[in-house]
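Chain residues, written in single-letter form:
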Amino acid sequence: QVQLVESGGGLAQAGASRRLSCAASERTFSTYTMAWFRQAPGKEREFVATISSSGVRIYYADSVKGRFTISRDNAKNTVYLQMNSLKPEDTAVYYCAAFLKSGGSYYTPSGYDYWGQGTQVTVSS
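These numbers were taken from a predicted model, which means no experiment stands behind them.

This brings us to the nonpolar core. Among the nonpolar cores identified, the biggest contains 34 residues, and Met34, Trp36, Val79, Leu81 and Tyr94 are the most heavily contacted of them. Broken down by secondary-structure element, the contributors of at least two residues to this core are strand E3 (18–24), strand E4 (34–39), strand E5 (46–51), strand E7 (68–73), strand E8 (78–83), strand E9 (92–100) and strand E11 (119–124). Per-element accounting of this core gives the leading share, five residues, to E9. Setting aside residues no more than four positions away along its own chain, tyrosine 94 makes contact with Glu6, Leu20, Trp36, Phe37, Arg38, Val48, Phe68, Leu81, Met83, Gly118, Thr119 and Val121.

Evaluated as defined, the whole model comprises one disulfide. One disulfide bridge connects cysteine 22 with cysteine 96, the sulfur atoms lying 2.0 Å from each other. Of note, the bridge from cysteine 22 to cysteine 96 carries an S-S torsion of about -80° and is left-handed in sense. One end of the pair, cysteine 22, is in strand E3; the other, cysteine 96, is in strand E9, and 74 residues separate them in sequence.

This paragraph deals with the side chain of asparagine 77. Along the chain, asparagine 77 turns up in the loop between E7 and E8. Assessed through its relative accessible area of 6%, asparagine 77 is described here as buried. Setting aside anything within four residues of it in sequence, one finds asparagine 77 in contact with Cys22, Ala23, Ala24, Glu26, Arg27 and Phe29.

Our focus in this paragraph is the sheet that holds E7. Hydrogen bonds between backbone groups are what pair the strands of a sheet, and the pairing can be parallel or antiparallel. Read from one edge to the other, the open sheet built from four strands follows the order E1-E3-E8-E7, with strand pairing classed as antiparallel. Across the chains shown, the open sheet's two edge strands, defined by having one partner strand only, are strand E1 (4–7) and E7. Within the sheet, the average angular offset between the axes of one strand and its neighbour, ignoring direction, is 15°. In terms of strand pairing, E7 meets E8 through six bridges, oriented antiparallel. Bridge assignment links arginine 72 to a residue of E8, and that residue is valine 79.

Procedures and definitions
- Residues numbered from 1 in each chain as written.
- Predicted model: local features only at pLDDT ≥ 70, side-chain atom pairs only at ≥ 80, totals over all residues.
- Heavy atoms only, no water.
- Core = buried A, V, L, I, M, F, W, Y, C linked by side-chain atoms within 4.5 Å.
- Buried < 20%, exposed > 50% of the residue type's maximum accessible area, 1.4 Å probe, protein only.
- Helix = DSSP H or I, 4+ residues; strand = E, 2+ residues; numbered from the N terminus.
- Contact = heavy atoms within 4.5 Å.
- Disulfide = S-S within 2.5 Å.
- Pairing = 2+ DSSP bridges.
- Axes fitted to C-alpha atoms, helices over the stretch in contact; angles between N-to-C directions.

Put into structure tokens, the structure is as follows:
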């Protein structure tokens, strides 16, 4: 089992920046595809960004492309989400996900086996 712990959420003004972190519990982290999803009240969980184990393949949702950056540091078993130019519509609980299932989709929650507890990001206007 993989334990994932997100951190870095909180309150932010529109236009501000935040950096989220997701720490994994084991050294085999370097073999996992990782992703960020988010979920706002009354909405389904939404894909944000994903990064392959090597960092070569990276994909973003259209809603965050150009503003958010996903990265990973395999030596620290950590994946990051740098969020710039935050908008009120970015308000959500942000979840870290790990281990893309065989045949799974990068872009849907069902594609991943492991999840963190989530961290709240609230953006005011």
